[in-house]
Amino acid sequence: MISQGSYLELSYWQVALATLLILLNGVLSTALRLGLGRQLLIAALRTTVQLLLVGLVLQKVFAWSHWGPVLGLGLIMVLIAGWAAVRRTSRRYPGIWLSSTLSILVSSWLIAGLALGAIVRVEPWYLPQYAIPFLGMILGNALTGISLGLDRFAEALVQGRDQVELYLTLGATRWEAALPAIRQAVRTGMIPILNSMTVAGLVSLPGMMTGQLLAGVPPSEAVKYQIVIMFLIASVTGLGTVGAVLLSYLRLFNHRHQFLADTITNAG
Amino acid sequence: MILAPRGSIPLVDVRGLGRRIPNSSHWLYRNIDLNVAPGDRLALAGPTGSGKSLILRAIALLDPVDQGDIAWCGEPIRDASVPTYRRRVLYLQQGSPVIEGTVADNLKLPFSLHHRRGQPFPRTQARELVAGLGKDSSFLDSHSNNLSGGERQIVALLRALLGDPTVLLLDEPSAALDPQTTASLERLVQSWHSAAAAERAYIWVSHDPLQAERIADRVIYLKDGSIVRSS
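Position numbers for residues start from 1 in each chain and track the written sequence from start to end. Just so you know, chain letters begin at A and ligand numbers begin at 1, following the order they were written in. Note on the predicted model: pLDDT of at least 70 is required for a residue's local features to be given, and 80 or more for side-chain atom pairs to be given and counted; whole-chain, interface and lining totals, by contrast, use all residues.

Colleague: What's the story with the overall build of chain A in this structure? I'm lost.
Modeller: Secondary structure elements follow DSSP: runs of H or I no shorter than four residues count as helices, runs of E no shorter than two count as strands, and numbering proceeds from the N terminus. Helices and strands together make up the secondary structure of chain A, namely nine helices and two strands. Dimensions along the principal axes, computed over C-alpha positions, put chain A at roughly 75 × 55 × 35 Å. Within chain A, buried positions represent 34% of all 268 residues. Any residue pair is listed as a contact if its two C-beta atoms, each placed from the backbone, are within 7 Å. Contacts in chain A between residues far apart in sequence, at least 24 positions, make up 74% of those at least 6 positions apart. Partly exposed residues are those falling between the two cut-offs: more than 12 but fewer than 20 other C-beta atoms within 10 Å of their own, whereas 20 or more means buried and 12 or fewer means exposed, with C-beta atoms placed from the backbone.

Written out as structure tokens, the structure is:
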């Protein structure tokens, strides 16, 4: 059915039809004995329930159009992103949750604020139609970079403990001793967004641009938005990863230039 | 600030040092008192698990401790002075790593650090030390990947010596080395010490009582994290 706008509105029956496609994966899993049936079912259910719930919440927030719910929702998204970033890491240490959440909060809100206030110039700045998708895209990518960065940082320090301590014994400061691991971690965190930027539009159409095209936005306009969002994501990933890694560095190297390797544990 | 050594004041003074297993009441070592004066050749001996290496790491300020103090020339060591202290009191790890590159790259490593910025690499001294080991100067161009275990340990020791420490903390430097390389390593340390015996000192951790008696004037025996006797 063609709606009043320039996009095709989907009925719940059509959504249910798409759900049947998951059954195809289920058949493949059974035929090849992949053992993914249960995981597939849970993942499909989570996708459906989570997105329906988000749809309900966003419907309310969009209708309200007040800065309070927008900021509240933004905060909840940040807390979930901070938690999810750490969950993906294979090593833990005291303060990793705070390092992750704080760096995601500062980097994403700062960049989203700049985007809304200075680049796109949304009036009012908290307009949910812009603020929430922007923050969502920024957070989704920042958490990937931060989790990769945190994971790599701990791994580089554990694997390279002898070298870190070699530097310290020769009279290096804690910064000099940690710098190779810091560099490795930030580079690793930046890889996904660098890859995405390199192939943007060639291998796949990015999500935001796809959404706008489906909503009837002219391609030339959708492209402009996508370029902006790619650069926002790159900057937030850089800022967030550097922030998380530096906060972790301060936790793992104390004022006496000691590497607190014993505080790093394996996850789960 | 890190003071210069003065007369009879011990270089390193360790008082009541103790460390617990984190979140436990079990002590890894406790009530450790020892001091190192200029000229001292001290050995820490004891069975595996007696705490020798941990105590040496604590003296290098590499690990936090739960009790006790370490002073340099009678003064406590402030946070900002820890890197300078470690340059003076240099700890050689057991199986000390070599970095990717040539032997010369490894020997230059201390001179790439902030606190030695502008200080030239003592090339002549490096050549002399290598010649003293019976190797020609082409050894300096050998790649670290091609070094034997013994050669790696020797390179690590040369790197430490070129850093011009006042006190060397040697953590079983000859463990897993053949007798010939062990003898070379012992000679190298002895000649470094005797070149300025009025100023320099070392603490050598060894699980071999014979080696401890051979290389030290004073031996401290440890068991279960405590000093049991000193000779």
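Colleague: Any chance you could explain the overall build of chain B here in plain terms?
Modeller: Secondary structure assignment for chain B yields seven helices and 10 strands. Whereas a compact globule of 231 residues would reach a radius of gyration of roughly 17 Å, chain B reaches 18 Å, a difference of no more than 12%. The principal-axis extent of the C-alpha atoms belonging to chain B is close to 50 × 40 × 35 Å. Burial analysis of chain B (231 residues in total) assigns 41% to the buried set. Counting only contacts in chain B whose residues sit at least 6 apart along the sequence, the fraction spanning at least 24 positions is 74%. The reference for a compact globule is 2.2 Å times residues^0.38; the radius of gyration itself is calculated from the C-alpha atoms.

Colleague: Can you help me understand the domain arrangement of chain A in this one?
Modeller: Interface size, as often reported, equals the accessible area lost upon joining of the parts. All names here are of chain A. Looking at the assigned domains, one finds that chain A contains domain 1 (1–64) and domain 2 (66–266). Source of the domain bounds: an automatic or database domain assignment. Of note, the centres of domain 1 and domain 2, computed from C-alpha atoms alone, are 28 Å apart. With seven residues of domain 1 at the interface, the matching set in domain 2 holds 10 residues. In this classification, Asp, Glu, Lys and Arg are treated as charged, Ala, Val, Leu, Ile, Met, Phe, Trp, Tyr, Cys and Pro as nonpolar, and every other residue, Gly included, as polar. Class assignment for the residues of the side of domain 1 that touches domain 2 results in five nonpolar, two polar and no charged.

Colleague: Teacher, can you tell me more about the sheet that holds strand β1 (residues 12–20) of chain B here?
Modeller: Strand pairing in a sheet is mediated by backbone hydrogen bonds. Such pairs are either parallel or antiparallel. All names here are of chain B. A sheet is described by the order of its strands in space; here four strands give the open sequence β2-β1-β4-β5, paired in antiparallel fashion. This sheet does not close on itself; its edge strands, each paired only once, are β2 (27–36) and β5 (75–76). Sheet analysis places β1 next to β2, joined by six bridges and oriented antiparallel. Its bridge partner being in β2, L17 is matched across the sheet by I32. All axes here are fitted lines through C-alpha atoms, helices being fitted over the stretch that makes contact, and every angle between N-to-C directions spans 0 to 180 degrees. Of the strands in this sheet, β1, β2 and β4 (67–72) touch helix α1 (residues 52–59), which is tilted by about 120 degrees from β1. Strand pairing is assigned whenever DSSP identifies at least 2 bridges connecting the two strands.

Colleague: When you look at the interface of chain B and chain A in this model, what are you seeing that I'm missing?
Modeller: Taken together, the contacts link 23 residues of chain B with 16 residues of chain A. Here the side of chain B that touches chain A takes five residues from helix α2 (residues 82–88) of chain B, the largest share from any one element.

Colleague: Got a minute to help me understand the pairing of strand β9 (residues 218–223) of chain B in this structure?
Modeller: Put simply, side chains in a regular strand alternate between the two faces of the sheet. Residue and element names in this part refer to chain B. In this structure, strand β3 (residues 41–45) lies alongside β9, joined through four bridges in parallel fashion. Bridge assignment links A45 to a residue of β9, and that residue is Y221. In terms of strand pairing, β9 meets strand β10 (residues 226–230) through four bridges, oriented antiparallel. When the bridges of β10 are listed, K223 appears paired with S226.

Colleague: Please clarify how the environment of L250 of chain A should be interpreted in this entry.
Modeller: Within the fold, L250 of chain A resides in helix α9 (residues 219–252). Residues L250 of chain A and M190 of chain A, spaced 60 residues apart in sequence, show a C-alpha to C-alpha distance of 21 Å.

Colleague: Sorry, what's going on with the sheet that holds strand β6 (residues 89–92) of chain B here?
Modeller: Residue and element names in this part refer to chain B. Sheet architecture is open: six strands sit in the order β6-β7-β8-β3-β9-β10, paired in mixed fashion. Every other strand in the sheet has two partners, leaving β6 and β10 as the edge strands with one partner each. Adjacent strand axes in the sheet meet at a mean angle of 20 degrees when their direction is disregarded.

Colleague: Please explain helix α3 (residues 67–87) of chain A as it appears in this structure.
Modeller: A turn of α-helix holds 3.6 residues, and therefore any two residues three or four places apart point the same way. All names here are of chain A. The end-to-end C-alpha separation of α3 is 30 Å, in line with the 30 Å expected for 21 residues at 1.5 Å each. By the burial criterion, the buried members of α3 are V70, L73, G74, V78, A81, G82, A85 and V86. Contacts made by the buried residues of α3 are with α2 (37–64), α4 (96–119) and α5 (128–159). The span you would expect from a helix comes to 1.5 Å times its residue count less one.

Colleague: Would you mind showing me how to read the packing of helix α7 (residues 174–199) of chain A against α9 of chain A here?
Modeller: To characterise two packed helices, one gives the angle between the axes of the helices and the distance between these axes. Residues and elements named next belong to chain A. Running from N to C, α7 and α9 cross one another at 160 degrees; their axes reach a closest spacing of 10 Å. Of the possible angle classes, the one that applies to α7 and α9 is roughly antiparallel. Handedness of the α7/α9 crossing: right-handed. When α7 is examined against α9, the residues A178, I182, A185, V186, G189, M190, I193 and M197 are found in contact with a partner set consisting of M230, I233, A234, T237, G238, T241, V242, V245 and Y249. Residue classes in the contact of α7 with α9 are distributed as 13 nonpolar, four polar and no charged. In these notes the angle categories are as follows: under 35 degrees is roughly parallel, over 145 is roughly antiparallel, 65 to 115 is roughly perpendicular, and the rest is oblique. By convention, the crossing between two helices is left-handed when the near helix turns anticlockwise from the far helix through less than a right angle, and right-handed when the turn is clockwise.

Colleague: Mind showing me how you'd approach the pairing of β4 of chain B here?
Modeller: Residues and elements named next belong to chain B. In this structure, β1 lies alongside β4, joined through five bridges in antiparallel fashion. Across the sheet, residue V12 finds its bridge partner in β4, namely W72. In this structure, β4 lies alongside β5, joined through two bridges in antiparallel fashion. Within β5, the residue paired with A71 across the bridge is P76. Adjacent in sequence and paired antiparallel, β4 and β5 are bridged by two residues, among which C73 carries a positive phi angle near 50 degrees.

Colleague: For this particular structure, what's the right way to read the packing of helix α5 (residues 149–162) of chain B against helix α6 (residues 179–194) of chain B?
Modeller: Residues and elements named next belong to chain B. For the pair α5 and α6, interaxial distance at closest approach is 10 Å and the crossing angle is 5 degrees. On the basis of the axis angle, α5 is roughly parallel to α6. On α6, the residues that touch G150, Q153, I154, L157 and L161 of α5 are T181, S184, L185, L188 and W192. For the contact of α5 with α6, a count of residues per class yields six nonpolar, four polar and no charged.

Colleague: So what exactly am I meant to see when it comes to α2 of chain A here?
Modeller: All names here are of chain A. Taking 1.5 Å per residue, 28 residues should reach 40 Å; α2 reaches 41 Å between its end C-alpha atoms and fits that length. For α2, the tally of buried residues reaches only one of 28 residues, placing the bulk of the element at the surface. Just downstream of α2, S65 is the residue with a positive phi angle, here 50 degrees.

Colleague: How do you make sense of the nonpolar core when you look at a structure like this?
Modeller: Note on soluble globular proteins: their nonpolar side chains tend to be buried together. Note on terminology: a nonpolar core is a set of buried residues of type Ala, Val, Leu, Ile, Met, Phe, Trp, Tyr or Cys, with members joined through C-beta atoms within 7 Å. In terms of nonpolar packing, the biggest core is built from 120 residues, with I138 of chain A together with I59 and L169 of chain B touching the most fellow members. No other element matches α5 of chain A, which puts 15 residues into this core.

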